[in-house]
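As a plain string of letters, each chain reads:
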Amino acid sequence: MDEFADFKFDWIENSVVVAMLLLSFFIGVYYTFCDKQDTFAAYMLGGRTMGIFPVAMSLVASCVSGLSILGIPTEIYLYGTQYAAANFTVIMLALVIGIFYLPVYYKLQLNSHFEYLQLRFNKHVRIIGVALFSFLMVTLLPAVIFVPAVCFNQVTGLSVYTISVGISGICIFYTSFGGLKAVLWTDALQSMFTFFGMVFVIIVSCFNLGGVSEIWRINKEGGRLEMFNMDPNPFARNTLWTSSIGYFFTYLCNLAIFPASVQRYLSVPSLRKARWALFYSAVSLYIVINLSTFFGMILYARYYQCDPVAAGVIKSSSQIVPLYVSEVGRNYPGLAGLYVSGILSSSLSSVSSWLNSIGGMLYKDIMEVYFPDVQHSESTECKIIRAIVIVLGISSVLLMFVVEKMGTIFQLSISIIGIVMGSAMALFTLGIFFPRVNAKGAVTGAITSFFLIVWISFNAQYYMMTGQLKFPGKATSIDNCPTTIQENYNSSTSLLSNYTGVGSPVVADSSVALIYQLSYNYYIVVGAISGILVGLVVSLLTEPPDTASLSPDLFTPCVHRFLPKKKQDERPNKDGYGQARNHEKDQMLMDLKNV
């Protein structure tokens, strides 16, 4: 094996990255000065006239951040392909969301989908939903920004914090001033950088490593190929069950109840187009995740005889992707720049999508709940939302130092998402599917779910940080490392083990309770199910809601048959109660009289 690359970006690589950043910047400039977004509907929903393509690409971008582009290949390198074997569930998601969730959102046409919680329950439940997602953004955005900063630091030598401030500044600019249209079109542009960066690196890698069959052979011999590990043990890190069930719930939350996703569905002019955007985004997401999985196999085929972490060449497994891209970039000018710009693009897309949605969410929901009598002009509303976006963006940069202390980035991100998304999924699912659930049940279920997963996740993170809980990866070797590396090798620096069997074992001290060893994939599952069950039980033990006064539009179409028939033609008013909707009937009677 050749010496590890000591590669730094030259003017060609930097030019590719700068080109992506400048194009994103100028899209923001265009929608700031040439096509101003000076109303709430235009700024937050693109005037509800957006096309399928930018919406679909933006949906993918909001789900696939740098955490995924760097995290999934690293996950495959360390633990094998079992996690990605369940990505077929993303196609099932499109059907579930399109049939059960989208009709509710689209028929109500709300400015904030948290308004649904007030219409269905009350304003207190709405604020709980806002608080949950605010917590998610504050904790996850620093990790999303940190990932590309570390990658760019490795190939340029610039400070991580200098890079973070620079790329965040551009992102905050076009997000805060350009509105949803700028976010959607920059997402579409950046998705192209992400896709082509991955494709070109994979093509070159296949050529360098002997082709797909050779890469497959090396991974098979190294025990990386796992597809059908049917172990039902919920404490095994990755099995087909933990991966597929956890994967399904995670992306169901991302695409069905995440504010940025719902915002994009409502930006297109019809339910049919929203469903097509969802379908195309699911297919694109499936392709991107498969590409990331194969790239993880490429990493193993390259380093299986000289693991760079065990050899001390890099400090952590999160640096292995930029290390490999740096090596490839020595012989193909511009390729490393394209791939790194793809990582930056995916992170910028996620950050901009989340900042845009949460800025409008915080303004609209807090103002309507706590200051209903205060009326702002359209331009003032946009200014306030821009200020919120700027404050959130700056706060995310300042919180990045916490991420460095929190274990593997991919597992950390899934854990954070599980803390919030489980309880949020419980809230919306209880409202949309169960007419018998009342506000007390929804609140109790959400709070129970949140603190249960916080308790499990934080304790698990603590034990991982203290070394009492470990998730050793599969075996690698340093047998073919350069002699100087083998002589300086210290086995205590290795993050890997000599494990070659099926599954991902958990190594824990006897003092670590079994519940803290639960697979991180199940956090969101446990959160959602516990919240739903508690909500149902509490609702059954307390006074039921007056379902006759609630509009059927608040429920998924499959439960309409169980609602009182006499109220089928009512729609919700501001307080969540019905108003007569007999316009079509009245028009028909008038036509008969005229005849």
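Note on numbering: residues in each chain are counted from 1, in written sequence order. Local features are withheld for residues below a pLDDT of 70 in this predicted model, meaning they are given only at 70 or higher, and side-chain atom pairs are given and counted only at 80 or more; totals for whole chains, interfaces and linings count all residues. For the side-chain quantities, the full set of heavy atoms in the structure was used; hydrogens and water were omitted.

Caption draft 1: Quick look at the pattern of salt bridges. Think of a salt bridge as a Lys or Arg side-chain nitrogen and an Asp or Glu carboxyl oxygen that are within 4 Å of each other. For the coordinates displayed, the defined rule picks out 6 salt bridges. With a shortest N-O distance of 2.9 Å, Arg126 and Glu368 are connected by a salt bridge. On the criterion of sequence distance, the pair formed by Arg126 in helix α7 (residues 123–156) and Glu368 in helix α14 (residues 335–370) is long-range, its members being 242 residues apart. When a residue's accessible area, from a 1.4 Å probe over protein chains only, is under 20% of the maximum for its type it is buried; when over 50% it is exposed; and in between it is partly exposed. Assessed through its relative accessible area of 21%, Glu368 is described here as partly exposed. The partner of Arg217 in a salt bridge is Glu214, with the nearest N and O atoms 2.5 Å apart. One end of the pair is Arg217 and the other is Glu214, both in helix α9 (residues 212–221) and 3 residues apart, which spans about a single turn. Residue classification places Arg217 among the partly exposed positions, given a relative accessible area of 34%. Since its relative accessible area comes to 26%, Glu214 is described here as partly exposed. Each member of the salt-bridge network shares a partner with another, and the members are Arg126, Asp365 and Glu368. What counts as a helix is a DSSP run of H or I of at least four residues, what counts as a strand is a run of E of at least two, and both are numbered from the N terminus.

Caption draft 2: Molecular detail of the nonpolar core. Only buried residues count toward a nonpolar core. Its members are Ala, Val, Leu, Ile, Met, Phe, Trp, Tyr and Cys residues joined through side-chain atoms within 4.5 Å. If you look at the biggest cluster of nonpolar residues, it comprises 173 residues, and the most contacted ones within it are Ile97 and Phe295. Among the elements that take part in this core, helix α8 (residues 160–209) stands out by supplying 18 residues, more than any other. Every residue in contact with Ile97, bar those within four places of it in the chain, is listed here: Leu102, Pro103, Leu252, Leu255, Ala256, Tyr265 and Leu278. Core analysis: the second largest hydrophobic core is formed by 5 residues, Ala310, Ala311, Ile478 and Cys481 among them. Contacts are assigned to residue pairs that have any heavy atoms within 4.5 Å of one another.

Caption draft 3: View of helix α20 (residues 523–541). Given a helix with a known number of residues, its expected span is that number minus one, times 1.5 Å. For α20, which comprises 19 residues, the first-to-last C-alpha distance of 27 Å matches the rise-based estimate of 27 Å (1.5 Å per residue) to within 8%. Within α20 the residues assigned to the buried category are Tyr523, Ile524, Val525, Gly527, Ala528, Ser530, Gly531, Ile532, Gly535 and Ser539.

Caption draft 4: Examining α14 more closely. Taking 1.5 Å as the rise per residue, α14 with 36 residues should run 52 Å; its terminal C-alpha atoms sit 52 Å apart, in good agreement. Counting buried residues along α14, 33 of its 36 residues qualify, which places the element largely inside the surrounding structure.

Caption draft 5: Quick peek at the packing of helix α10 (residues 240–256) against α20. It is at 8 Å that the axes of α10 and α20 come closest, and there the two elements cross at 65 degrees. Accordingly, the angle class assigned to the pair α10 and α20 is roughly perpendicular. Like other packed secondary-structure pairs, α10 and α20 cross with a definite hand, here left-handed. Contact with α10, carried on its side by Ile245, Gly246, Phe249, Thr250 and Cys253, involves Ile524, Val525 and Ala528 of α20 and no other residues of that element. In the scheme used here, Gly and all other residues not listed as nonpolar or charged are polar, with Ala, Val, Leu, Ile, Met, Phe, Trp, Tyr, Cys and Pro taken as nonpolar and Asp, Glu, Lys and Arg as charged. Of the residues belonging to the contact of α10 with α20, the class tally is 6 nonpolar, 2 polar and no charged. Only the stretch in contact is used when a helix axis is fitted, and all axes are lines through C-alpha atoms; the angle between N-to-C directions ranges over 0 to 180 degrees. Each angle is binned into one of four classes, with values under 35 degrees roughly parallel, values over 145 roughly antiparallel, values of 65 to 115 roughly perpendicular, and all other values oblique. We call a crossing left-handed when the near helix sits turned anticlockwise from the far one by less than a right angle, and right-handed when that turn is clockwise.

Caption draft 6: Main features of the packing of aromatic side chains. Here is the rule: rings of Phe, Tyr and Trp (six-membered ring for Trp) pair when centre to centre is within 6.5 Å. Planes less than 30 degrees apart are stacked, more than 60 are edge-to-face, and the remainder are tilted. Inspection of every chain in the model, using the stated rule, returns 21 aromatic pairs. Arranged with centres 5.7 Å apart and planes meeting at 80 degrees, the rings of Trp455 and Tyr516 form a pair that is edge-to-face. Separated by 61 residues along the polypeptide, Trp455 in helix α18 (residues 439–465) and Tyr516 in the loop between β4 (507–508) and α20 bring together distant segments of the chain. The rings of Phe114, Tyr116, Phe133, Phe258 and Phe428 are connected pair by pair, giving a single aromatic cluster.

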